[in-house]
Amino acid sequence: MALRSSGSRKLSFEILSKNKYLEGGGPSLIYQSSSDPFQSQNGGNPSRHNRKKKKHKKRKDSTTDLPIIAEDLVDKQRGSSGGSVLAESKSENYGSRDNGNVNRISYVGGGSVVVLEESVCQNVCGFGELRQRNVNGVVAGGGDDMETVAARADESVVEVSSSKEPFPPVAPQSMANGNVVNTLKTSESLDWKRVMAEDPNYLYTVDKSPLKYFLDEMHYGNSLRNTTTLGSEKERERVYDTIFRLPWRCEVLISVGFFICFDSFLSLLTIMPTRVLITFWRLLTTRQFKWPSAAELCDFGCFLVLACGVIVLGRTDISLIYHMIRGQGTIKLYVVYNVWEIFDKLCQRFGGDVLETLFNSAEGLANCSQENMGFWIRRFVSDQALTMAFSILHSFILLAQAITLSTCIVAHNNALFALLVSNNFAEIKSNVFKRFSRDNIHSLAYSDSVERFHISACLLFVLAQNILEAEGPWFESFLFNAFVVFVCEMLIDIIKHSFLAKFNDIKPIAYSEFLEDLCKQTLNIQTEDCKKNLTFVPLAPACVVIRVLTPVYAAHLPCSPLAWRFFWILVLISMTYIMLTSLKVMIGMGLQKHATCTYQSII
């Protein structure tokens, strides 16, 4: 660096020799350590006597305030020569910055300025000193590196700081993890103090008499305003949505879904057998085998499942199951009903997938080539066996649920009310206090429609059992119990969906949109998402209803010769078919009309 050049040293001493403080014998501005390189290169090593004299003079003048060399002089000399200036100044700053002193040593060379700053701080507890050195450099020339310059400056600083006297002790302050804790009053405390100062009525309760406290409460209002918030127009709309608007739309949606399930059930009992009979009649009349279409294969598969389910359930002893369930206690009775209901819901969700698999295999078998015929036949047969086994299992579960409900209705120990209370409030508890998305609520509304249809099938089973076994006036009692069950189911569905919509921020317009999707399904309009469609498999309810109504028809047949008996069987089947077909046409046309009007009004 330029600090070692002889020209720089001469220029530095020329500048300092012109200073009025040096000429006038004032206090010296330059403090050199014993390792100062400037003297060793100019005139040899100084004597020990001179070094002691300088050190004694530094101790003597350590308490005096020294002026700082003006930067203009240094800058002016830098512009004229390439020398270096070693300058040191100290200033005592008590309490202005960290309660300490700042000592600054500046090395000004040719194109380079090095400032070493020492901060001597009094410890907060008055036990010692804390020194901090900062080296700031701007290097523009060659020569010694910055570390050498900082080391030389450090030696001078040690000599200067060793002569300083300790600062007066500072009063100790509160500490928290080594930091000074400043206690500040929050805005809340200041506001509270201001309120207390302005209004003397806001005194502490302990300072009031009971009479004064009661009069203040009468004057300033009751405590209910402290535990509630002011309502808004939005909150008012939410209240009326929960009480009036949403229950109506929810009940319309579930009722339409119920009639769609009923229409599908009637189609299974009327349309599907008719299509199968037409197919067999064409085969017998033409006597030419024609490969069936996908729809005909689906009809044949459903007819086979229905026939097998009715035959297997016909072998079941209903009276034995009835007495086994009736022998249980009241608590076990509604627990058993809940178990059957859970399995019924699981079968509802899985039954749709099984039937879709069968229809897919039927589609593939109808459109396959001759090379893949064997593969698709094996696949269709395996899917048919799976659908048949699953439908029979679901039929047994639904039959057991119907027998349990019949046992509760017939019992005289209020078992029906215990069943309704436990089942319905358990349903509210398991659904209302959970987070549901919009799609989940959509699926839940469809599930409630299917559940309501299954309850209707169970009530039809109870009616058939009363026709066969009841004695005395039983019809009024049955109507009352059926009405209670149906009304309780409606109320529970309304309460459940109202609070689900409230807790999950679902507007009543959402149920109108669900109804729109249901109308599209009724009109066979393809939707973007197939998951928005109502999924219902009527095979298990149809098996149970046929199994229950068969003994009723058999009990009213005449005990005549076989031909006459067969004639009455045909008459009863024909009358039932006509009634079911008429009902199916009425419900189907009503659904079509409602779906068209609703869809057009929305569009």
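Residues numbered from 1 in each chain as written. Predicted model: local features only at pLDDT ≥ 70, side-chain atom pairs only at ≥ 80, totals over all residues. Heavy atoms only, no water.

In the nomenclature of an unreviewed UniProt entry, the protein chain is known as Protein POLLEN DEFECTIVE IN GUIDANCE 1 of Gossypium mustelinum. What UniProt records for the protein chain under Sequence similarities (unreviewed entry) is the sentence "Belongs to the TAPT1 family." As its UniProt record puts it under Subcellular location (unreviewed entry), the protein chain is described as follows: "Membrane". (UniProt positions renumbered as here; feature names shortened; annotations may be inferred.)

Attention shifts here to the confidence of the model for the protein chain. Taken residue by residue, the protein chain gives an average pLDDT of 73. The fraction at 70 or more is 62%. Under a pLDDT of 50 for its full length, residues 1–13 has, in the predicted model, 37 contacts with residues more than four places off or in other chains. Confidence over residues 62–151 falls short of pLDDT 50; this stretch has 195 contacts with residues more than four positions distant or in other chains. (pLDDT = per-residue confidence, 0-100. Contact = heavy atoms within 4.5 Å.)

To continue, consider helix 11 (residues 271–286). With 16 residues, helix 11 ought to run about 22 Å at 1.5 Å a step, and its terminal C-alpha atoms sit 22 Å apart, in line with that. Of all the residues in helix 11, the buried ones are M272, P273 and V276. Around the axis of helix 11, the buried residues are gathered within 100° of arc, so they sit on the same side. At the C-terminal side of helix 11, R287 shows a positive phi close to 55°. (Helix = DSSP H or I, 4+ residues; strand = E, 2+ residues; numbered from the N terminus. Expected span 1.5 Å × (residues − 1). Buried < 20%, exposed > 50% of the residue type's maximum accessible area, 1.4 Å probe, protein only. Arc of directions from axis to C-beta.)

Now for the UniProt feature "transmembrane region" (unreviewed entry) in the protein chain. In the numbering used here, UniProt assigns the "transmembrane region" (unreviewed entry) feature to residues 252–271, 291–314, 385–403, 474–492, 534–556 and 562–583. Along residues 252–271, the helical share is 95% and the strand share 0%, with 27 Å between the first and last C-alpha atoms. Across residues 291–314, the secondary structure splits into 88% helix and 0% strand, with the terminal C-alpha atoms separated by 33 Å.

For any two helices packed against each other, the geometry comes down to the angle between their axes and how far apart the axes lie. Between helix 15 (residues 373–410) and helix 17 (residues 438–469), whose axes approach to 9 Å, the crossing angle comes to 60°. What the angle tells us is that helix 15 and helix 17 run oblique. Crossing of helix 15 over helix 17 shows right-handed handedness. Between helix 15 and helix 17, the residues in contact are H394, L398, L399, Q401, A402, I403, L405, S406, I409 and V410 and H454, C458, L459, F461, V462 and N466, respectively. (Axes fitted to C-alpha atoms, helices over the stretch in contact; angles between N-to-C directions. Parallel < 35°, antiparallel > 145°, perpendicular 65-115°, else oblique. Left-handed = near helix turned anticlockwise from the far one by under 90°.)

Turning next to helix 10 (residues 233–269). In a regular helix each residue adds 1.5 Å, so 37 residues correspond to 54 Å; helix 10 covers 52 Å between its end C-alpha atoms and thus fits that length. The sharpest bend along helix 10 measures roughly 55° and falls at D241. (Bend = angle between axes of the 7 residues up to and from the residue.)

With 88 residues, the main nonpolar core has L253, F265, L405 and Y511 as its most contacted residues. Of the residues forming this core, the biggest block, 13 residues, is contributed by helix 10. Contact partners of F265, with chain neighbours within four places excluded, come to F453, F536, P538, P541, A542 and V545. (Core = buried A, V, L, I, M, F, W, Y, C linked by side-chain atoms within 4.5 Å.)

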